[in-house]
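Single-letter residue listing:
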Amino acid sequence: MISKFEWLVAMRYLRARRSDGFISLIAIFSFLGIMLGVATLIIVMSVMNGFRQELVTKLLGFNGHAIVSGYEGKLQDYGDIANAIREIPGVTSASPYIHAQVMAVNEGRASGAFVRGLPDEDLDFHKLDGMTVVSGSLEGLDFERTIVMGHRLARGLGLMAGDDVTLIAPSFTDTPFGSLPRGVSFQLVATLDVGIYDFDNLFIGMPLSEAQTFFRYGDGVSNIEVMVDSPESIESFLPAINKAVNGKGFVTTWRQTNQSLVSALDVERNVMFLILTLIIVVAAFNIISSLIMLVKDKARDVAILRTMGASQGSVMRIFVIAGASVGVVGTALGVLLGVLFCTNIEAIKSLLERLTGTDLWNAEVRFLSEIPALLDMGEVSMIVLMALVLSLLATLPPSLRAARLDPVDVLRYE
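Chemist: Honestly, the overall build of the chain in this entry has me stumped. Any pointers?
Modeler: Looking only at helices and strands, the chain features 15 helices and ten strands. Counting the 414 residues in the chain, one finds 46% classified as buried. Taking contacts inside the chain between residues at least 6 apart in sequence as the whole, the part at least 24 apart equals 80%. Accessible surface computed for the chain: about 21000 Å², of which carbon and sulfur atoms make up 60%.

Quick look at the structure:
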């Protein structure tokens, strides 16, 4: 049990005097190191968690949790297959669509793109998190030869809502003059912000019936997109989905499609955690060095306390309190700083961009248009626990040394 006397002595040792100002300076550096280490670890891990969640969410929203594809690029009896998949417990939707590549041409400008032909019920795009209409209206998609397009693709082609654009299909038409590429003019009714930079540069959407006609799929589609209520356990749905497909196609999960990306994010997250933990470890070593110097400076005081009846345990607790206080206060302020930074990260980014005149978050490089930050309270608790344990362990060697000081030897040489 820690007594009031031990608290008073420990707090007195933490206050600087002229003679031990250097010791207090080391303690201040230890405090700052733990505070900044904890804050940095929380900020970086939250940004990486948010980056992974946003990226996976957008990829899943665009590509589905599982994709059923035809062996020759076409699924003919997709209606029966989709209905059978929808009856599987846990499946939230099964939407047929056509995915194909085209060349978009407008007034001498050309760009490769991919077309997504969607059923009428999916043309509102509400299922895609973060997708918004930049210009125009989706209501115009009820008419023939109408499309929507990623706003960056439209801007690169010099297009606005209401303009016409020619799409060249990856197939040829036989004519008396030979095989010629087949181009059809479409009206752009709306431009969209998909939320992922690369998709904004490539995406074109159109009604499924129009895509079937344009790409000559007849009554078929290229894929069926399957959404489930728990995408992290998509593998558990594979047996039932394969049974519903009944050999008419093959199933690919989102993990298989994005395996390298998700694995790279997980590895990067773990490595960053280990590297940033070293900041707290270094701060803990600073606590050890400051306490060792404090014990050496206060050796005579410790000897006097021992002669007045203070036990070894009491002396040890005094120095443990002195060192642990630095760790506890530093950890608490680090958590506060980290949480405040994460909850206001966009405002801080905007402020820094105005002050420096630079773009701190380039969407072309980082794939997402905004800095995501997701606070995981379990992870924050683990960081706090780790910082407190390291701080406490750092106090033990110098505290044991102080407790083992022989008051006779100390006073004899004073």
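Chemist: Is there a simple way to explain helix α12 (residues 345-356) in this structure?
Modeler: Two residues of an α-helix separated by three or four positions point the same way, owing to the 3.6 residues in each turn. For α12, spanning twelve residues, the distance from its first C-alpha to its last is 16 Å, which sits close to the expected 16 Å at 1.5 Å a residue. Of the residues making up α12, those classed as buried are Ile-345, Lys-349 and Glu-353. End-on view of α12: buried residues confined to an arc of 75°, all on one side of the axis. Exposed residues lying more than 90 degrees from the buried face of α12 are Ala-347, Arg-354 and Leu-355. Once α12 finishes, Gly-357 follows within two positions and takes phi at roughly 70°, a positive value.

Chemist: Teacher, can you tell me more about the packing of helix α11 (residues 312-343) against helix α14 (residues 377-403) here?
Modeler: How two helices pack is summed up by the angle between their axes together with the distance between the axes. Here α11 crosses α14 at 155°, and the two axes come no closer than 8 Å. On the basis of their axis angle, the class for α11 and α14 is roughly antiparallel. For the element pair α11 and α14, the recorded crossing hand is right-handed. Contacts between α11 and α14 involve Gln-312, Val-315, Met-316, Phe-319, Val-320, Gly-323, Ala-324, Gly-327, Val-328, Thr-331 and Val-335 from the former and Val-380, Val-384, Ala-387, Leu-388, Ser-391, Leu-392, Thr-395, Leu-396, Ser-399, Leu-400, Ala-402 and Ala-403 from the latter.

Chemist: Mind showing me how you'd approach unusual backbone geometry here?
Modeler: You will see that Arg-216, though not glycine, has its phi angle at about 60°, which is positive. Inspection of the secondary structure assignment puts Arg-216 in the loop between α6 (208-214) and β9 (223-228). Residue class for Arg-216 comes out partly exposed when judged on its relative accessible area of 46%. Positive phi values are uncommon outside glycine, yet Asn-246 reaches one of about 60°.

Chemist: Looking at this structure, I do not really get the nonpolar core. What am I missing?
Modeler: As a rule of thumb, nonpolar side chains are buried together in soluble globular proteins. If you look at the biggest cluster of nonpolar residues, it comprises 49 residues, and the most contacted ones within it are Ile-85, Met-149, Ile-204 and Ile-241. A total of six residues in this core trace back to one element, the largest contributor, which is strand β2 (residues 91-106). In contact with Ile-85, not counting residues within four places along its chain, are Val-68, Val-91, Ala-94, Val-226, Ile-241, Ala-244 and Val-245. Among the nonpolar cores identified, the runner-up in size contains 39 residues, and Ala-283, Ile-321, Val-326 and Met-386 belong to it.

Chemist: So what exactly am I meant to see when it comes to the pattern of salt bridges here?
Modeler: Close approach of charged atoms allows side chains of opposite charge to pair. Scanning the model with the defined rule gives three salt bridges in all. Asp-200 is the partner of Arg-152 in a salt bridge, and the nearest nitrogen-oxygen pair spans 2.9 Å. Of the two residues, Arg-152 is situated in helix α4 (residues 151-157) and Asp-200 in helix α5 (residues 197-200); the sequence distance between them amounts to 48 residues.

Chemist: It is not clear to me how the packing of aromatic side chains should be interpreted in this structure. Could you clarify?
Modeler: Aromatic ring pairs are reported here in terms of the distance separating the ring centres and the angle at which the planes meet. Per the counting criterion, the structure on display carries four aromatic pairs. Look at Tyr-71 and Phe-250: their rings are 5.8 Å apart centre to centre, the planes differ by 40°, and that puts the pair in the tilted class. One end of the pair, Tyr-71, is in the loop between β1 (66-70) and α3 (78-86); the other, Phe-250, is in strand β10 (residues 249-253), and 179 residues separate them in sequence. Here the aromatic rings of Phe-186 and Phe-214 are separated by 5.3 Å at their centres, their planes lie at 90°, and the arrangement is edge-to-face. Of this pair, Phe-186 sits in strand β7 (residues 178-193) while Phe-214 sits in helix α6, placing them 28 residues apart in sequence. Among the aromatic residues, ring-to-ring pairing joins Phe-186, Phe-214 and Phe-215 into one connected group.

The rules we used
Residues numbered from 1 in each chain as written. Predicted model: local features only at pLDDT ≥ 70, side-chain atom pairs only at ≥ 80, totals over all residues. Heavy atoms only, no water. Helix = DSSP H or I, 4+ residues; strand = E, 2+ residues; numbered from the N terminus. Buried < 20%, exposed > 50% of the residue type's maximum accessible area, 1.4 Å probe, protein only. Contact = heavy atoms within 4.5 Å. Areas by Shrake-Rupley, 256 points an atom, 1.4 Å probe, with all protein chains shown as cover. Expected span 1.5 Å × (residues − 1). Arc of directions from axis to C-beta. Axes fitted to C-alpha atoms, helices over the stretch in contact; angles between N-to-C directions. Parallel < 35°, antiparallel > 145°, perpendicular 65-115°, else oblique. Left-handed = near helix turned anticlockwise from the far one by under 90°. Core = buried A, V, L, I, M, F, W, Y, C linked by side-chain atoms within 4.5 Å. Salt bridge = Lys/Arg side-chain N within 4 Å of Asp/Glu carboxyl O. Phe/Tyr/Trp six-rings, centres within 6.5 Å; stacked < 30°, edge-to-face > 60°.

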